[in-house]
Amino acid sequence: MSAALKLARPEDLDRLMGLVSAFHSEAGIQQDADQRREALLPLLEGIPHGCVYLIGPGRAPLGYVVLTFGWSVEFGGMDGFIDEIYIRPAVRGRGIATEVLLDLPKALASAGLTALHLEVDRMNERTQKLYLRTGFKARDRYMLMSKTL
């Protein structure tokens, strides 16, 4: 099974909407289809703040990963945040997410990113183990905090 990444474009929106809807349903994220579409479309149209990659075959993707970009003085330059990563349940456990999480940081580093961040549910030990295996480290002194604007 290949975790080949394809940069998603506007013509991939419908395919992506189904995947994102499935992930949001599984994760308990409340968002209607219009909000989801408005959040995804600028990423597909090429705004500089992030992008979406489809994982696997473009016609029948196995999942997706959303990246957003920022700047960190602490990490010495441009950094990225894996906002969402999703693999279809039917193909989980086959090493697809591992492949993505090992290969994507290499490509991003060669493009000039200095760090890549993500968040994980504190109760989801299986996913935490995946992230640890692929080189991510918990920052014990810090926690992600959010404020909806």
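Further up the page is the structure itself.
Heads up: these notes are all about the structure in this document. (Residues numbered from 1 in each chain as written. Predicted model: local features only at pLDDT ≥ 70, side-chain atom pairs only at ≥ 80, totals over all residues. Heavy atoms only, no water.)

### Digging into the packing of helix H1 (residues 13-27) against helix H2 (residues 33-44)
Then, in step 1: As a packed pair, H1 and H2 sit with axes 10 Å apart at the nearest point and diverge in direction by 125°. Judged on the interaxial angle alone, H2 and H1 are oblique. Of the two possible hands of crossing, H1 and H2 adopt the one that is right-handed. Along the contact surface, H1 presents Leu13, Asp14, Leu16, Met17, Val20, Ser21 and His24, while H2 presents Ala33, Arg36, Arg37, Leu40, Leu41 and Leu44. (Axes fitted to C-alpha atoms, helices over the stretch in contact; angles between N-to-C directions. Helix = DSSP H or I, 4+ residues; strand = E, 2+ residues; numbered from the N terminus. Parallel < 35°, antiparallel > 145°, perpendicular 65-115°, else oblique. Left-handed = near helix turned anticlockwise from the far one by under 90°. Contact = heavy atoms within 4.5 Å.)

### Here we look at a nonpolar patch on the surface
Then, in step 1: On the surface, Trp71, Val73 and Met78 cluster together into a nonpolar patch covering about 390 Å² of accessible area.
Then, in step 2: In this fold, Trp71 is placed in strand S3 (residues 63-72).
Then, in step 3: Given the relative accessible area of 66%, Trp71 is considered exposed. (Patch = residues over 30% accessible without salt bridge, like charges linked within 9 Å, V, L, I, M, F, W, Y side chains within 5 Å. Areas by Shrake-Rupley, 256 points an atom, 1.4 Å probe, with all protein chains shown as cover. Salt bridge = Lys/Arg side-chain N within 4 Å of Asp/Glu carboxyl O. Buried < 20%, exposed > 50% of the residue type's maximum accessible area, 1.4 Å probe, protein only.)

### Describing the sheet that holds strand S1 (residues 5-7)
Then, in step 1: Pairing in this open sheet of five strands is mixed, and the strands run S1-S2-S3-S4-S5 from one edge to the other. Edge positions in the sheet fall to S1 and strand S5 (115-118), since each has one partner strand and no second. Across the sheet, the mean angle separating the axes of adjacent strands is 30° when strand polarity is ignored.
Then, in step 2: In this sheet, strand S2 (residues 50-55) lies alongside S1 in antiparallel orientation, the contact comprising three bridges. Within S2, the residue paired with Leu7 across the bridge is Tyr53.
Then, in step 3: Most of the contacts of H2 go to S2, to which it runs at about 95°, and overall it touches S2 and S3. (Pairing = 2+ DSSP bridges.)

### Things to note about the packing of helix H3 (residues 96-110) against helix H4 (residues 125-133)
Then, in step 1: With their axes 9 Å apart at the nearest point, H3 and H4 run at an angle of 40° to one another. Between H3 and H4, the interaxial angle falls into the category oblique. In this structure, H3 crosses over H4, and the sense of that crossing is right-handed. Of H4, the residues touching H3 (which contributes Ala97, Thr98 and Leu101) are Leu130, Tyr131 and Arg133.
Then, in step 2: Within the contact of H3 with H4, the residues separate by chemical class into four nonpolar, one polar and one charged. (Nonpolar A, V, L, I, M, F, W, Y, C, P; charged D, E, K, R; others polar.)

### What to know about the packing of aromatic side chains
Then, in step 1: Taken as a whole, this structure holds four aromatic pairs when the rule is applied.
Then, in step 2: Three or more aromatic residues link up through ring pairs in this structure, and these residues are Phe23, Tyr64 and Tyr86.
Then, in step 3: Taking the ring centre of Tyr142 as reference, the NZ or CZ of Arg139 above it sits at 4.3 Å. (Phe/Tyr/Trp six-rings, centres within 6.5 Å; stacked < 30°, edge-to-face > 60°. Lys NZ or Arg CZ within 6 Å of the ring centre and 35° of its normal.)

### Things to note about the nonpolar core
Then, in step 1: Membership of the largest hydrophobic core comes to 23 residues, with the highest contact counts inside it found for Leu67 and Ile82.
Then, in step 2: Where this core is concerned, the elements lending two or more residues are S2, S3, strand S4 (77-87), H3, S5 and H4.
Then, in step 3: Not counting residues within four places of it along the chain, the set of residues in contact with Ile82 comprises Val65, Val66, Leu67, Leu101, Leu116, His117, Leu118 and Phe136.
Then, in step 4: Core analysis: the second largest hydrophobic core is formed by 15 residues, Leu13, Met17, Val52 and Leu54 among them. (Core = buried A, V, L, I, M, F, W, Y, C linked by side-chain atoms within 4.5 Å.)

### Observations concerning the environment of Glu125
Then, in step 1: Here Glu125 lies in helix H4.
Then, in step 2: Glu125 sits 88 residues away from Arg37 along the chain, and the two C-alpha atoms are 31 Å apart.

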